[in-house]
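Secondary and tertiary structure notes
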Amino acid sequence: MLFRSPDLGERLWTAFVGQGAQSPADREIAWQILNSAAAKVSSRNVFIATCFEKYLPKLEPQCYTIGSLDFTREAIQAWLRGVQGDLLDEDTASGSHGLEHLWRMILTALPNSIEDPAINMLVELYVDSPMIQSMARPRAHAVHLRLVNRCLEQMSYAAGKLKDSSNVAASGDYEPMSITASEQYVGEEELIFTRSLVLLREFLRAYQLKPYFAVPKPRPREPGPTTEVKGEVLDFKYQIFDGQVHGPVSGLEVGKSNTVPELFAIVDMATGFKNFKLYHWGAEISDNASTQGVTLEDLQIGKGLMLVTRQDDEQTRGSSPKTRTTNVDVEVINHFDAFWDYLGMEERLSKEVYHFIVKFPVYPKLLAAFEDDTTAWAEIFPLGEPFKCLYAVFAMRETLEVRMREGKPDSRLLTRSLGLIVSAITNQEVLDSCTNEDLRSHVAQALVECLMQLLREPISVETVTDCLTPTLLECLLQILESARLSKVAKNSIQMVSSAFEAILEASLHSRPFWTSFITAPSTPQLIRKLLLEDRRSSLRKSIMKQMTSKCTYTPSLSALSTLDITTAFWPLLRDMIPSAVSLPDQCEEAFSVALLVFRNLAESSVGSVDLDACLFQWGTLLTQHTAQETVGSTDEIDVIARGLSNLLYWCTSFAKASEHPIPPNQLGIQLFNKHLFPPLSDMEDDDILPENIPVLNSTTRRYLADAIVNLTRDDVEQYKEIMNQMESLAPYDPQDDRKYAHMARLTQANRI
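Keep in mind the model is a prediction, meaning the values are calculated, not measured.

1. Structural notes on the overall build of the protein
When helices and strands are tallied, the protein shows 36 helices and five strands. Within the span of the protein, comprising 752 residues, buried residues form 47% of the whole. Put simply, of all contacts in the protein between residues at least 6 apart along the chain, 73% involve residues at least 24 apart.

2. Section: the confidence of the model for the protein
Residues of the protein with pLDDT of at least 70 account for 83%, and the chain-wide mean is 83. Confidence, read as mean pLDDT per element, is least for helix H13 (residues 321-324) in the protein (33) and greatest for helix H27 (residues 523-533) (97). Predicted confidence for residues 313-326 stays below pLDDT 50, and this span has 23 contacts to residues more than four positions away or in other chains. The low-confidence segment residues 737-752 (pLDDT under 50) makes 23 contacts with residues lying over four places distant or belonging to another chain.

3. Quick notes on the packing of aromatic side chains
For any two aromatic rings, the description comes down to two numbers: the centre-to-centre distance and the angle of the planes. On inspection of all chains with the given rule, the structure shows 27 aromatic pairs. One aromatic cluster is present, formed by Phe193, Phe336, Phe339, Trp340, Tyr342, Phe356, Phe360, Tyr363, Tyr391 and Phe394 through successive ring pairs. Looking at Arg150, its charged tip hangs above the ring of Trp103, at a distance of 4.0 Å from the centre. Across from the ring centre of Phe677, 5.2 Å away, lies the NZ or CZ of Arg701, which sits over that ring.

4. Regarding the nonpolar core
Counting residues in each nonpolar core, the largest one holds 198 residues, and the members touching the most others are Phe339, Phe381, Tyr391 and Phe569. Look past the residues within four positions of Phe381 in its chain and what remains in contact with it is Cys389, Ala392, Val393, Met396, Leu420, Ile421, Ala424, Val430 and Leu447.

5. Examining the pattern of salt bridges
Tallied over the full model, the rule gives 25 salt bridges. A salt bridge links Asp432 to Arg440; the nearest nitrogen and oxygen atoms lie 3.8 Å apart. Exposure remark for Arg440: the relative accessible area of 22% places this residue in the partly exposed category. Residues Lys541 and Glu589 are paired through a salt bridge, measuring 3.3 Å at the closest nitrogen-oxygen approach. Taken together, the residues span a long stretch of sequence, with Lys541 in helix H28 (residues 537-552) and Glu589 in helix H30 (residues 588-604) at a distance of 48 residues. Residue classification places Lys541 among the partly exposed residues on the basis of a relative accessible area of 38%. One salt-bridge network, held together by shared partners, links Arg201, Glu202, Arg205 and Glu352.

6. Some points on empty space enclosed by the protein
In this structure the tally under the stated criterion is two cavities of 30 Å³ or more. Computed from the structure, the largest cavity encloses a volume of approximately 60 Å³. Taken together, Glu437, Arg440, Ser441, Ala444, Ile479, Ser482, Ala483, Ser486, Ala489 and Met495 form the lining of the largest cavity. Put simply, the parts of the chain that give the lining of the largest cavity at least two residues each are helix H22 (437-455) and helix H24 (470-485). Tallying contributions element by element places H22 first for the lining of the largest cavity, with four residues. For the lining of the largest cavity, the per-class residue count stands at five nonpolar, three polar and two charged.

7. Remarks on the side chain of Gln445
Structurally, Gln445 can be placed in helix H22. Sequence-distant contacts of Gln445, defined by excluding residues within four places in its chain, comprise Asn491, Gln494, Met495 and Ser498.

8. Overview of the environment of Met306
Here Met306 is to be found in strand S5 (residues 304-310). Remark: the alpha-carbon pair of Met306 and Ile240, spanning 66 residues in sequence, is separated by 8.7 Å. If we ignore the near neighbours within four places in the chain, the residues touching Met306 are Phe236, Lys237, Tyr238, Gln239, Leu252, Leu263, Val267, Leu278, Tyr279 and Ile285.

9. With respect to the environment of Thr435
Inspection of the secondary structure puts Thr435 in the loop between helix H21 (429-432) and H22. Classification of Thr435 as exposed rests on a relative accessible area of 62%. In the structure, Thr435 is positioned 88 residues away from Glu347 in sequence and 8.2 Å away in space, judged by C-alpha atoms. At a separation of 3.4 Å, a polar atom in the side chain of Thr435 contacts the side chain of Asn436.

10. Considerations on the packing of H27 against helix H29 (residues 562-580)
At a minimum axis separation of 10 Å, H27 and H29 run at an interaxial angle of 55°. As far as their axial angle goes, H29 and H27 are oblique. Like other packed secondary-structure pairs, H27 and H29 cross with a definite hand, here right-handed. Taken together, the residues of H29 that come into contact with H27 (itself represented by Thr523, Pro524, Ile527, Arg528, Leu531 and Leu532) are Phe569, Leu572, Leu573, Asp575, Met576, Ser579 and Ala580. For the contact of H27 with H29, the residue count by class is nine nonpolar, two polar and two charged.

11. What about the environment of Leu473?
With respect to the helices, strands and loops of the structure, Leu473 is situated in helix H24. Since its relative accessible area comes to 6%, Leu473 is described here as buried. Sequence separation between Leu473 and Ala506 is 33 residues; the distance between their C-alpha atoms is 8.9 Å. For Leu473, the residues in contact, after removing those within four places along its chain, are Ile503, Phe513, Ser516 and Phe517.

12. As for the packing of helix H17 (residues 364-371) against helix H19 (residues 386-405)
Where H17 contacts H19, the axes come no closer than 10 Å and their chain directions differ by 75°. Overall, the two elements H17 and H19 adopt an arrangement that is roughly perpendicular. Here Leu366, Leu367, Phe370 and Glu371 of H17 come into contact with H19, specifically with Tyr391, Ala392, Ala395, Met396, Thr399 and Arg403. Of the residues contributing to the contact of H17 with H19, the split by class is seven nonpolar, one polar and two charged.

13. Focus: the pairing of strand S3 (residues 276-280)
Buried residues dominate S3, accounting for four of its five residues. When S3 meets strand S4 (residues 283-285), the two strands line up antiparallel, connected through three bridges. Across the sheet, the residue bridging to Tyr279 is Glu284, located in S4.

14. Comments concerning unusual backbone geometry
Most peptide bonds are trans, and most residues other than glycine sit at a negative phi. One non-glycine residue, Asn112, lies in positive phi territory at about 60°. Locating Asn112 in the fold gives a position in the loop between helix H5 (99-108) and helix H6 (115-127). Looking at Asn112, the relative accessible area reads 75%, which means it is exposed. Non-glycine residue Glu659 carries a positive phi angle of around 55°. Mapped onto the elements of the fold, Glu659 is located in the loop between helix H32 (639-657) and helix H33 (667-676). Glu659 sits in the exposed class, given a relative accessible area of 71%.

15. Considering helix H20 (residues 411-426)
In this model, H20 (16 residues) spans 22 Å end to end at C-alpha, consistent with the 22 Å of a helix rising 1.5 Å per residue. Every buried residue of H20 is accounted for by Leu413, Leu414, Arg416, Ser417, Leu418, Leu420, Ile421, Val422, Ala424 and Ile425.

16. Describing the side chain of Glu457
For Glu457, the position within the fold is in the loop between H22 and helix H23 (461-467). No salt bridge forms around the buried Glu457; measuring N to O, its nearest opposite-charge neighbour Arg397 is 8.5 Å away. When near neighbours in sequence (up to four residues on either side) are disregarded, Glu457 contacts Met404 and Leu414.

Basis of the calculations
- Residues numbered from 1 in each chain as written.
- Predicted model: local features only at pLDDT ≥ 70, side-chain atom pairs only at ≥ 80, totals over all residues.
- Heavy atoms only, no water.
- Helix = DSSP H or I, 4+ residues; strand = E, 2+ residues; numbered from the N terminus.
- Buried < 20%, exposed > 50% of the residue type's maximum accessible area, 1.4 Å probe, protein only.
- Contact = heavy atoms within 4.5 Å.
- pLDDT = per-residue confidence, 0-100.
- Phe/Tyr/Trp six-rings, centres within 6.5 Å; stacked < 30°, edge-to-face > 60°.
- Lys NZ or Arg CZ within 6 Å of the ring centre and 35° of its normal.
- Core = buried A, V, L, I, M, F, W, Y, C linked by side-chain atoms within 4.5 Å.
- Salt bridge = Lys/Arg side-chain N within 4 Å of Asp/Glu carboxyl O.
- 1 Å grid on protein atoms, 1.4 Å probe; cavity = no way out; pocket = protein on both sides within 12 Å on 5 of 7 lines; lining within 4 Å.
- Points joined across faces, edges and corners; volume = space filled by probe spheres on them.
- Nonpolar A, V, L, I, M, F, W, Y, C, P; charged D, E, K, R; others polar.
- Polar contact = N/O pair within 3.5 Å; in protein donor to acceptor, adjacent residues only side chain to side chain.
- Axes fitted to C-alpha atoms, helices over the stretch in contact; angles between N-to-C directions.
- Parallel < 35°, antiparallel > 145°, perpendicular 65-115°, else oblique.
- Left-handed = near helix turned anticlockwise from the far one by under 90°.
- Pairing = 2+ DSSP bridges.
- Expected span 1.5 Å × (residues − 1).
- Lys, Arg positive; Asp, Glu negative; His and termini not counted.

Next up, the structure:
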C-alpha cells in the first residue's frame, strides 16, 4: 500500500519522526521501531530505502535525535556492506549511502543535541571503518586529505559570509524587518564554522592515535633489490600499467621471506612511482595495517606475473622524503594565513581557533615578523584582536623555548622580542580594546609572563635597562591593581601574582626601576593589601613566596643584592605588624615574611634594625593579646601568639648575641603571668570562672619562654619574681617520698 501511495509514506514519516510527532518521547519510540525494521531487512526494502533517500535529507534539524543518527548509521553501514563505492569517489561517496546526511546533521543540528555523537560517527568512519583500514596508506591518505580540505573549505566559506554580515551590520544598512532573518543566517554560518573546526580537531586527534596513519614513514631507499632479497628467490615478473599505456614485462628479484612492505619498496625503487597498486593472479596485494609483518610465503605468492597500476601522482620519484610523505597536519599548516585571519573573528569563534592552532608549529609568517625589525609591534599585536595577541605571545614563547632547548640563544631575537612585549604592555590600547574583563586579564597575563621569561634570558644589560622604564612600572601596577579588584576575571589571583613577580624580576635588572617601585607612595599600602588584607589565602601565600624568594637569593649579576631588598622591605613589614594582630585569620603570611626579613637583616647588620623599638612594640602587643587556643586541642595554633613570640625571641636573641643591653622593662613577668602561667581566679558563691587560658601550643610556649629568659637575664628583681612564681606553681612537699622536682623540671624546660 505504501509503495502505491508515496504521499502516505511521507505523511507517516512526518507524523512519527518529523514535526508532526506528538512529543520528543513519541518521536524517539518511532525511531526505535524504524531502526529495528531497518536492521532486520536482509534485502532492499523499498520503504526503508525511500526513507533513506527522500525523507531523511528533508528532516528538520529540530527533529534530529539519537534515533535519527542511528538511522543514518544504518544507511552508511548498508552502503559499506554493499561495497557500492569508496570514499574517494565523488559520485558514490555522497547521496544514498547516508554520508551526506551525516554531514548535514553535523552542520545543522541544534546546539547541545546530537552534534557530538554525529562528529564521532564520521571520525570513526574515516579512521576505524573496515573500508579505510583495508586501503593502502597512500590511498587512505588521499581520503583523509579530502576530509581535511572539506572542513577547511567549509570554514573559509562560513568565515567569508560572517565577515560580510559583520560589515553590513557595521555600516547600518540592515532593514528593520531583516534583522531576525540576518541573526538566523549568522547563526547558521557560525554552526558551519565551529562544527567544521570541531570535526577537524577530533579527526586529527583520532588520526594521530593510529600509528599506521599518524606519521607515515617513507619507504626506505634500498641500494638495490639484490641486497634486499630474503629467503628463496621467486621467479617474479612485473608489467606496468600507467593509464592507457602499459610497459614491457620485466623481471623482479624478490624472496619468499620478504614482507609486503618490502615488496612495495622494491617495486617503488624499480618503477619510481609514488602511488600504485599491485595485483597477482587477479587479486590485489594491499600494503595496509594488516599486512605489515606478512611475508610473501605467508600469502602463498609464488612465481607469476605481477601487474603494477599507477595511481595519481603529484611528484616524481626522488623528491624530498618530507614532502613525499605529506602528513594531513601539513595541509592545515598550509592554511595558516586563513587561521590567522580567523583569530580576528568574534570572540567565541576566535577562541576555538586559538585553542586549535596552538597544537601546531608556529605560524611561519609570524616568526618572520619577530625577526624583522621593520615590522611594527601593532602588526604582531593588532589592536582589537585579542586572540591574535594571545597567539603572538604563544608563538614568541614557543620559539624562544625551542631555540634555548637547541642551545642556540639568539641575542638579536631576544632583544627584539623584549622590545615587542614591552611595547604591547605599555600601550594600554592593547588591553583596553579587549571586549570583556576576563579576556583582558588573560591577554595581560600572557604578556606579563612572557616578559618574565625574557627577563630570565641572557639579554644584554643595556637592552634590558632601556626597556625597564617608569612607564612599564606604571602599566604593571595598573594591571596588578585591575586584576586585584576584578570580580569577573577567573585568573585574577594568578594575574596579580604574575604582575607582582614581574615587578620584582624587573627590579633585579635595574636599580632605578626598583627605586621607583619601592619609593612610590602607593607601595606600602600595596604590600599591605597583598600580604595581609586580601582575603584570598592563595594570593597571600603567593606574594609571601615571591618576597621570601627575592629576600633569600638573587643572581650574581643582579642589580640588587638580597640585603638591598630586605633593607627596603623591612620598614614596610615592621609597620604592618600592629595591623596584623587585628586580622588573626589573615596574618600568618605577614608574620612569616616579617620574621625572615628581620632575621636576614639583623644577621647582616644588627645595627640596621632598632632592637629596642621592636622589642617594646612586639612585647607590648603580645601582653595585650588574649590567647585563642582551645584546651584539649594539641594541633591548634594561635597564629598571632606564635608570630609575636617568634619575633620577640629572635629580637632578644640578637640583643643577647650582640651584647646589646635591654632597657628596664616589666615585659618578662607580664608575659609569664599572661601567657605561660596565668593566675587562676578565686571562685566564691558558685561564681563562674572567667576564661584565662594560657598559650597551649608547645612550640609557641618554648619560643615565649626563651624570650622571657632573654628579657630577664640582666634584671635581678624580675628574675627573682619569676622564680617565686615558679615556686608557688610547684611547692615542695617533704612528706612526698618521691623526689619532688617539679620546680627543677619546669626550670629546665623553660630555661628559667
